[in-house]
Amino acid sequence: KQWYQRRVRVMKEKVKQVVEDHMYESIRAYRDDSDLRDAVNVAQRTFKCCGVKSFTDWQDNAYFKCCNEGIESCGVPYSCCNITLQVNLFCGVNIMDIGDNSEICQTNNNITFVPSSHLKEGYGNGAHIYDDGCLDTMENWFNKNLYYIGGAALGVAIVQIGGVWLSQSLIHRIKVVTAGGYYK
């Protein structure tokens, strides 16, 4: 029994790592694919989360990186904003402040992490944006709803098996009739 539990734990960690890798890739490609962007926005809105582990993960996206000059630099997508406070689609713009450390960008263009302490005053603790990362939030939701998800998967499987059985029955009846037989 112990080997089974170890195997399940290892598989769970592998699945979590694959999901995490895909989430980071989604952040990097956020502006490249409109369908992907919509999926990320829906996920962040639904689960009230931002980024993979925290909102600072958005520094991996070229448009939101503080070292860039664009309007979205030092920001997060609008889907990270607390829905009760959202006024427009630019609510996540320029929420981080690297202050006097801006020379870091000139010497090191590979900066990918801005500590949460660089969040502007009044933006943290869910006051303006969601602080929690989506990976843990989604994992908690999945664990809490595991029986419902399993039941839905079982229901879909039963419908699929029923469809296969009905199609096989139809194939058999067609063969009987085309062979000249009479089917009652």
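Attention here is on the structure that accompanies the text. (Residues numbered from 1 in each chain as written. Predicted model: local features only at pLDDT ≥ 70, side-chain atom pairs only at ≥ 80, totals over all residues. Heavy atoms only, no water.)

Thoughts on the overall build of the chain
Heads up, the rule is: Numbering goes from the N terminus for both helices and strands, where a helix is a DSSP run of H or I of at least four residues and a strand is a run of E of at least two. For every residue, the accessible area obtained with a 1.4 Å probe (protein chains only) is divided by the maximum for its type, and the residue is called buried under 20%, exposed over 50%, and partly exposed between those limits. Whether two residues are in contact is decided by their heavy atoms: any pair within 4.5 Å suffices. Note on areas: Shrake-Rupley, 1.4 Å probe, and residue coverage restricted to the protein chains presented here.
Assigned secondary structure in the chain consists of five helices and zero strands. Walking the chain from its N terminus toward its C terminus, one meets helices and strands in the order α-α-α-α-α. Taking all 184 residues of the chain together, 28% fall into the buried category. Sequence-distant contacts, at least 24 apart, represent 60% of the contacts inside the chain between residues at least 6 apart. Surface summary for the chain: the accessible area is close to 12,600 Å², and the carbon and sulfur share equals 57%.

Topic: the packing of aromatic side chains
Rules: Classification of ring pairs rests on two measures: the distance between centres of Phe, Tyr or Trp rings, Trp counted by its six-membered ring, which must be within 6.5 Å, and the angle between planes, read as stacked under 30 degrees, edge-to-face over 60 and tilted in between.
For the structure shown, the criterion picks out four aromatic pairs. Ring geometry for Tyr30 against Trp58: centres 4.9 Å apart, planes inclined by 80°, an arrangement best described as edge-to-face. Note that Tyr30 is positioned in the loop between α1 (2–28) and α2 (34–47) and Trp58 in the loop between α2 and α3 (103–107), a separation of 28 residues in sequence. The exposure classification of Tyr30 matches that of Trp58, with both residues buried. Geometrically, the ring pair formed by Tyr30 and Phe64 is tilted, given 5.9 Å between the ring centres and 55° between the ring planes. One end of the pair, Tyr30, is in the loop between α1 and α2; the other, Phe64, is in the loop between α2 and α3, with 34 residues separating them in the sequence. In this structure Phe64 comes out as buried when scored by relative accessible area, which is 1%. Each residue in the set Tyr30, Trp58 and Phe64 is aromatic and connected to the rest through ring pairs, giving one cluster.

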